[in-house]
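Fold and contact review
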Amino acid sequence: MKKILILTIAALIIMATVGWGTWSYFADSEFAPDNSVYMGTLDLSLNGGNADVAILTGLSNAAPNTSGAS
């Protein structure tokens, strides 16, 4: 009976440690002020052709779900 109690407590400690680590990993956040993303023109070869593909340039203060348009 004592062995089962010790193993149960050890298993609970391990589960709590894993749960705490997982929560910490996904709850971590970082802040970096003055972020800017700069891009240029991509020269991409598609289906044997060679054409310039224009992409967004000079994106500043971007956030998810924003298009960069005013």
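Residues numbered from 1 in each chain as written. Predicted model: local features only at pLDDT ≥ 70, side-chain atom pairs only at ≥ 80, totals over all residues. Heavy atoms only, no water.

1. Some words on the overall build of the chain
When its secondary structure is counted, the chain shows 1 helix and 4 strands. Listed by position from the N terminus, the elements making up the chain come as α-β-β-β-β. Put simply, the chain has 70 residues, and 0% of those count as buried. For the chain, the accessible area works out to roughly 6,800 Å², and carbon and sulfur atoms hold 64% of it. (Helix = DSSP H or I, 4+ residues; strand = E, 2+ residues; numbered from the N terminus. Buried < 20%, exposed > 50% of the residue type's maximum accessible area, 1.4 Å probe, protein only. Areas by Shrake-Rupley, 256 points an atom, 1.4 Å probe, with all protein chains shown as cover.)

2. Notes on the packing of aromatic side chains
On inspection of all chains with the given rule, the structure shows 1 aromatic pair. The interplanar angle of 85° and the centroid separation of 5.1 Å between the aromatic rings of Tyr25 and Phe26 together place this pair among those described as edge-to-face. A single burial state applies to Tyr25 and to Phe26, both of which are exposed. (Phe/Tyr/Trp six-rings, centres within 6.5 Å; stacked < 30°, edge-to-face > 60°.)

3. A short note on the environment of Pro33
Inspection of the secondary structure assignment puts Pro33 in the loop between helix H1 (2-27) and strand E1 (36-37). Measuring from C-alpha to C-alpha, the distance between Pro33 and Asn61 comes to 8.8 Å, with 28 residues separating the pair along the chain.

4. Here's the deal with H1
Here H1 spans 37 Å end to end across 26 residues, near enough to the 38 Å set by a 1.5 Å rise per residue. Burial analysis of H1 places just 0 of its 26 residues in the buried class, which makes it a mostly uncovered element. (Expected span 1.5 Å × (residues − 1).)

5. Considerations on a nonpolar patch on the surface
A cluster of nonpolar residues, Leu5, Ile9 and Ile13, forms a patch on the protein surface that exposes about 290 Å² of accessible area. Within the secondary structure, Ile9 is located in helix H1. (Patch = residues over 30% accessible without salt bridge, like charges linked within 9 Å, V, L, I, M, F, W, Y side chains within 5 Å. Salt bridge = Lys/Arg side-chain N within 4 Å of Asp/Glu carboxyl O.)

Shape is all these values report; function is a separate question.
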